Amino acid sequence: MKFTPSKLNTFLFFKLPSAYWCGVRVKNITSQQCTATVRHRWINQNPFNSMYFAVQAMAAELTTGALVMHAIKQSGKNISMLVANNKSSFTKKAKGKISFVCNDGNLIAGAVQKAIDTGQGQTLWMKSFGTDEKGDKVSEFEFEWTIKVK
């Protein structure tokens, strides 16, 4: 699969439909950075008139996971990936359009190469930050990804 926002959003529709129907969309991806957005709507709200935390987690995880998938694809190897842990913090109600950005592409590239060179599984923590339309941080997520050459 070529890594374009359109292809990743089609992937979402078929493989992660709950994220797709909640409005999560990839807007940009390079080998170093991935951006996804989601707009606060009726279908992804919580009782406090803001975006449900799990919807934010789906968008944040997508930004990190897409970078992992991209690095694996570039390696040409058969490598498995899985989230082992996650952490999150919320600093403001998520209303309007929220953008999640992960800039940790350099971390995963090194981990993929080390997994290939050593044959050992690798773990790494990747961060994704969610900001509203004003540029205020609303949440921060960390995901511990594990990768292993099959």
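Our subject is the structure that appears above.
Residues numbered from 1 in each chain as written. Predicted model: local features only at pLDDT ≥ 70, side-chain atom pairs only at ≥ 80, totals over all residues. Heavy atoms only, no water.

So, about the packing of aromatic side chains. What the rule picks out here adds up to eight aromatic pairs. Judged by centre distance (5.6 Å) and plane angle (85°), the rings of F90 and F141 are edge-to-face. In this pair, F90 is assigned in strand 3 (residues 79-90) and F141 in strand 6 (residues 137-149), connecting sequence segments 51 residues apart. Through pairs of rings, three or more aromatic residues link up here, namely F13, F14, Y20 and W21. Here the guanidinium or amino end of R25 rests over the ring plane of Y20, the centre of that ring lying 3.7 Å away. Note that K87 overlies the ring of W125, its terminal NZ or CZ placed 4.6 Å from the centroid. (Phe/Tyr/Trp six-rings, centres within 6.5 Å; stacked < 30°, edge-to-face > 60°. Helix = DSSP H or I, 4+ residues; strand = E, 2+ residues; numbered from the N terminus. Lys NZ or Arg CZ within 6 Å of the ring centre and 35° of its normal.)

Their axes nearest at 9 Å, the elements helix 3 (residues 53-75) and helix 4 (residues 105-118) cross at an angle of 45°. One element, helix 3, and the other, helix 4, form an angle in the oblique class. The two elements helix 3 and helix 4 cross, and the hand of that crossing is right-handed. In this structure, helix 3 contributes L67, V68, A71, I72 and S75 to the contact, and helix 4 contributes G105, I108, V112 and I116. In the contact of helix 3 with helix 4, the residues fall into seven nonpolar, two polar and no charged. (Axes fitted to C-alpha atoms, helices over the stretch in contact; angles between N-to-C directions. Parallel < 35°, antiparallel > 145°, perpendicular 65-115°, else oblique. Left-handed = near helix turned anticlockwise from the far one by under 90°. Contact = heavy atoms within 4.5 Å. Nonpolar A, V, L, I, M, F, W, Y, C, P; charged D, E, K, R; others polar.)

Bear in mind that shape data such as this cannot, by itself, settle questions of function.
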